[in-house]
Amino acid sequence: MSELLVVPLKKPAEVNIAPLGNLIQSAYQSNSPETAVSYSEAVSEFGKLRNIAIWKFFEKHESSLEIVYGYYDQLCALETKIPVNELQIPFKWKDAFDKGSLFGGRMSLTLTSLAYEKVCILFNIAALQSAIAASQSIENDDSLKLASKLFQQSAGIFNHLKSLTPAAIPQEPTPDLNPETLQTLSNLMIAQAQEIFVIKAIRDNMKDAIVAKLACQCEELYAETLRGLQKDSVKSIWDKEWIPTIAGKQAGFHALTQLYQSLVNRSNKAVGEEIARLTHAVELFKSAQSRSGKSNLFEDYAGRAQRNLAESKKDNHFIYNETIPDIKNLVAPGKALLAKPTALQATFNQSPKDLFENLVPVALHQALSACETRKNECVNTEIMKLRESTQLLNSILASLNLPAAIETNEGCSVPPSLLEKSEEVRSKGGIDHIRNLIAELPDLLNRNREILDVTDRMLDEEAESDKELREKFKQLTRTPSDKLTINFRSNAAKYREIINNAVQADKIVREKFDKCANGMELLSKSMADLENAVPSSNTADVPNCSTRDVLKQLMESVATMKAERDVIESELKSATVNMRNEFLEALSQDGAINEPALSVSGIGKVLGPLQGQVKESLERQEILVGEIQTAHKNFVDETGSGTGSRDAFYTELSLAYASFIELDNNLKEGTKFYNDLTQLLVALQNKITDYCFARQTEKKEFLKDLSSELSNHTPAAPPTAPENFTSTNPTPPTAPSSAPSPYPQQIQGMPIPYGASPAYPMYVPPPMPQGFNPYATLPYPANAYNYQNFPQGPQQYGTYPGNYAQQQPQQPPPGYPNYKPPGW
C-alpha cells in the first residue's frame, strides 16, 4: 500500500505574553502583593509552556503530544477565567499549506483572540497526530492501534474545527481553516484510519468477506475525500501529490475489494464471478498505479490478482466452463465502517494542571464583583444618611452656640468644649494643614489631565497611521480604527467629564475654606492667644437655671447618639456578604448566575438589621432636635444669653471647627480620588497601549507579507521590441544615419497587490460608571468617590507613573449618594 498522507503544520510566531498579566491584574483587582506575584509567575510559566509547545509540533514523536495537550488544556482553563475579548496579544499563524497569497488568500493571519489561538493549536494537534500515525510501522499491532486511534482523533478535531472556526475568526480565515478544507481533512483522516483497519484485518488473516467489506468502505471514504480535494474553492492549496495519491488509493481499494470478494467466490466455487472480479481488479490496480504515478502502488496485491486470474481462467477453461458475467451485474460485497471521528473532549488530560487555579471563572468573578458593588452601594447609602444627619445636627448646634453656651468657664474665658476643639484642630496641623492639602490639588489634577492627553494622542496617532495605510492600499480590508476605538474614546470623554466635575468640587471647597478661614486661624492658635481673642462680654455671667440642666441632658443624649452612629457605621463597613457558594451552585445547575435576585436576597439578610438601626437613629434625631430648639429658646429667654459679641464669637469658632473637620475629610478624600483616578487613567492608557501595539504589529505583518509576495512575484516578460530596435545595447554607428536607432526604454508596470489584512477584534470595555461623580455631592462628602463605579475599579492599575502593577490603593470608605452627571 502507499504511504499515508500527513497534514502540514501551521507556522507559529512568537508573541509577548505580558498583556495577559496586565489583563489578569486589571480584571481581578488584586490588592495582595503575594497574589500579584503568583499571577506573574503563572503568566511567565504560561509563556514558557507556549514556547515549548509550538516547537514540539515539529518533533513528530508521541511524547510531543503530551506537551501540546497540556498547553491546549491551559488555554481552555484560561478562557473561562479572563475577559478574552479584552486580551491584546497579537497571535500570528501562517497558513499550513502556504499556498495562499495576497492576491487569492491569506498567507498568514494575526488576531488578538484567545479563541483564534485555540483554533490554531487544535489544527496543529490534529496535524501532529496525522504525522505520528503515518510514521507507525504496519508490522506491529500496537503501532497499528496507535495509528488508527490518532487518525480518528485527528478527524474528530478537524470536524470540530469546522464549527468552531467561524465563531473564533469573524473574517476570512487562511485557506487551511476554510470549512471545506477542514471537512476534506477530516474525511482524509477517517479514510486513512479505515485503511489501517484494512491492513490490520489482512495481517490478522480475517475472513475474506470481512476484508472485502472493509476495503469497500475504505474506497468510498477515499472517493469522498477525492471529491473534496477537487472542489474549485480549495483545489489549488493541496500539495501536488495529494490528489493523484488519493485518486490512486480510491482505485486501489476498489481493486482490493474485488480481489478479496473474488476469494469469497472461489471458496463458493463461483468461478465465473471470480474471474469477472479478478479481471476488474487487475484493471483497477493498473488504474491506481497510473493515477498515482507510482508503479509500485499495491504492487503485491496486483501481482496476486494477476496470478489468481491466470489460474482461475485455466481452471474454468479445462474444468468449469462457466460464463463470465458482466462486472456491472454483480452484487456489491457490502461495507463495514470501523473508523469514525473521535469526539473532542473538553480537555485532553483528565486532571490537567491549572496554572491559574486561583482565578475563579469569569462569570463567577463578575457576579461576585457585581454583588460587592451592590452591597457597597447599600452600605454607602446608609452611611451617607448617618453622616448627613450628623452634619445637620452639628450645624444646628453650632448655630445655637451649644454646648458652649451652657458651659461654666471656671476662670477661663473660653468654654471647655471650644478648648477641646481648638486642641483637636492643632493636633491635626491647624489651618496650614488645610492650606497644604488645597495646594496639592492642582498638581494632582494636572497629572490626570496629562495622562488623558497622552492617551488621546496615542489614539490619534494610531488613527492617522491607519488612515495613511488605507489611503496607500485602497483595498485594505482590516477594520478601521475609528470603529475599534469608539469605546476607548467614549471612556476618555467621560473621564474628562469626571475631571471637570472634580474641578467644580475643588472650587466649592476653596470657597468654604475662605469663608471660615478666620475662625480656623483662631482655633489653630495657642490657648493664651485664643483667650486674648475672646471679646469682652456685654452680658452678666449666666446664672444657674433649670433650662441649663435640661440642655446638658440633651447634649449628653446627642453625644450618646453620635457614639451609637459610630458603632453602626463601623458595623456597616465591616459587613460581608459571601455569595460564592450560592453563585457556584447556580452556575453548575443552570449554567448562568441570576446575580441581581441572589444578591438582593443575600444583602438583605446581612444589612437588614443595620438598616433598621439607621432608620431608628434618624427618627430619634428629629425628636431630639425639636427638644433642643425648644429648650434653647427657653434658656435664652430666661438668661438673655446668645445676644452678645462673645456668644457670636463662640458661634463663629464652632462653625469654623465643623468646617475644618469637614474640609479635612473632603480634601483627604479628594486627594485619594485624584490618586485613584490616576490609576484608572493609567489602566486605560495601558489598554490603549496594548491596542496600538497590536495594530502596529498587524500593520508590520501586512507590510512584511506584502513585501515577501512582491519579492517572490515573477514580473511579466517585457514586450517584444520593434523591428528597428534590434539591440538594447547597440554599437554607436560610425557614420551618420538617416534613421537613428535609440535605445529602447521599457517601464515594467508592477501592480501593487491589495491583501486583506487581519481585522483587529472589537475591544469591548466594561461599562462606564453609572451615576458617578468624583466627589459625590458637592462639595466633597465624607466619601469622595466609590471606586466600584469606575470601569474595573482602581485596584487593577498600578501607581503612576512607574510600574503600574506594584502598588494598589486601599479601598475607600463607603458613604455617598450616587450623583448622575448630565447625559450619563
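(A) Highlighting the nonpolar core. Counting 130 residues, the largest nonpolar core has Leu 20, Leu 256 and Phe 285 as the members making the most contacts within it. Those residues within four positions of Leu 20 in sequence are excluded, and the remaining contacts are Val 43, Phe 46, Leu 78, Ile 82, Leu 87, Ile 89 and Phe 356.

(B) A look at the pairing of strand β2 (residues 91-94). Looking at chain direction, strand β1 (residues 11-12) and β2 are connected through two bridges and run antiparallel. Looking across to β2, one finds that Lys 11 is bridged to Lys 94.

(C) Quick look at a nonpolar patch on the surface. A surface patch of nonpolar side chains, about 350 Å² in accessible area, is lined by Phe 318, Ile 319 and Tyr 320. One can find Ile 319 in helix α10 (residues 299-320).

(D) Structural detail: the sheet that holds strand β3 (residues 108-111). The sheet built from three strands is open, its strands ordered β1-β2-β3 with antiparallel pairing. The open sheet has two free edges, formed respectively by β1 and β3, since each of these has just one partner strand. Bridge count for β2 against β3 is four bridges, and the pairing is antiparallel. Bridge pairing in β3 links Lys 92 to Thr 110.

(E) Structural detail: the confidence of the model for the protein chain. Mean pLDDT over the protein chain stands at 80; residues scoring 70 or higher make up 80%. Between residues 100-104, whose pLDDT stays under 50, and residues either more than four places distant or in other chains, the model counts 16 contacts.

(F) Up close: the pattern of salt bridges. On inspection of all chains with the given rule, the structure shows 33 salt bridges. Close ionic contact of Lys 375 with Glu 372 constitutes a salt bridge, the shortest N to O distance being 3.3 Å. With a gap of three residues between them, Lys 375 and Glu 372 both fall in helix α11 (residues 362-399), about one helical turn apart. The closest approach of N and O atoms between Glu 521 and Arg 435, which form a salt bridge, is 3.3 Å. Placement of Glu 521 in helix α15 (residues 486-523) and of Arg 435 in helix α13 (residues 430-472) is noted, with a sequence separation of 86 residues between them. By relative accessible area, which is 31% here, Glu 521 ends up partly exposed. One connected set of salt bridges, linked through shared partners, spans Glu 462, Asp 466, Arg 470 and Arg 695.

(G) Focus on the packing of helix α4 (residues 114-134) against helix α5 (residues 141-168). Between α4 and α5, the least distance of the axes is 9 Å, while the angle of their chain directions is 160°. It follows from the interaxial angle that α4 and α5 lie roughly antiparallel. α5 is crossed by α4, and the crossing has left-handed handedness. Here the contact of α4 with α5 is built from residues that sort into 19 nonpolar, six polar and no charged.

(H) Region of the structure containing the packing of α11 against helix α17 (residues 546-574). Running from N to C, α11 and α17 point in directions that differ by 160°, and their axes come no closer than 10 Å. Considered as vectors, α11 and α17 are oriented roughly antiparallel to each other. Seen along the crossing, α11 lies across α17 with a hand that is left-handed. Where α11 approaches α17, its residues Val 379, Glu 382, Ile 383, Leu 386, Arg 387, Ser 389, Thr 390, Leu 393, Asn 394 and Leu 397 are matched on the opposing element by Met 555, Val 558, Met 561, Lys 562, Arg 565, Ile 568, Glu 569, Leu 572 and Lys 573. Per-class residue counts for the contact of α11 with α17 are 10 nonpolar, three polar and six charged.

(I) Representation of the packing of aromatic side chains in the model. The final tally for this structure, using the stated rule, is 14 aromatic pairs. Relative to Tyr 691, the ring of Phe 488 lies with its centre 5.5 Å away and its plane at 55°, an arrangement referred to as tilted. Linking Phe 488 in helix α15 with Tyr 691 in helix α20 (residues 645-712), this pair joins segments that are 203 residues apart in sequence. Its relative accessible area of 0% is what places Tyr 691 among the buried residues. Taken together, Tyr 222, Phe 253, Phe 285 and Phe 298 form an aromatic cluster joined through their ring pairs. If you follow Lys 10 out to its NZ or CZ, it ends over the ring of Phe 123, 5.9 Å from the centre.

(J) Molecular detail of unusual backbone geometry. We note that Asn 205 has phi near 55°; this positive angle belongs to a residue other than glycine. Examined against the element boundaries, Asn 205 turns out to sit in the loop between α6 (179-203) and α7 (208-229). Phi angles above zero are rare outside glycine, and Asn 321 is one such case at about 55°. Along the chain, Asn 321 falls in the loop between α10 and α11. The class of Asn 321 is exposed, set by a relative accessible area of 57%.

Rules and cut-offs
Residues numbered from 1 in each chain as written. Predicted model: local features only at pLDDT ≥ 70, side-chain atom pairs only at ≥ 80, totals over all residues. Heavy atoms only, no water. Core = buried A, V, L, I, M, F, W, Y, C linked by side-chain atoms within 4.5 Å. Buried < 20%, exposed > 50% of the residue type's maximum accessible area, 1.4 Å probe, protein only. Contact = heavy atoms within 4.5 Å. Pairing = 2+ DSSP bridges. Helix = DSSP H or I, 4+ residues; strand = E, 2+ residues; numbered from the N terminus. Patch = residues over 30% accessible without salt bridge, like charges linked within 9 Å, V, L, I, M, F, W, Y side chains within 5 Å. Areas by Shrake-Rupley, 256 points an atom, 1.4 Å probe, with all protein chains shown as cover. Salt bridge = Lys/Arg side-chain N within 4 Å of Asp/Glu carboxyl O. pLDDT = per-residue confidence, 0-100. Axes fitted to C-alpha atoms, helices over the stretch in contact; angles between N-to-C directions. Parallel < 35°, antiparallel > 145°, perpendicular 65-115°, else oblique. Left-handed = near helix turned anticlockwise from the far one by under 90°. Nonpolar A, V, L, I, M, F, W, Y, C, P; charged D, E, K, R; others polar. Phe/Tyr/Trp six-rings, centres within 6.5 Å; stacked < 30°, edge-to-face > 60°. Lys NZ or Arg CZ within 6 Å of the ring centre and 35° of its normal.

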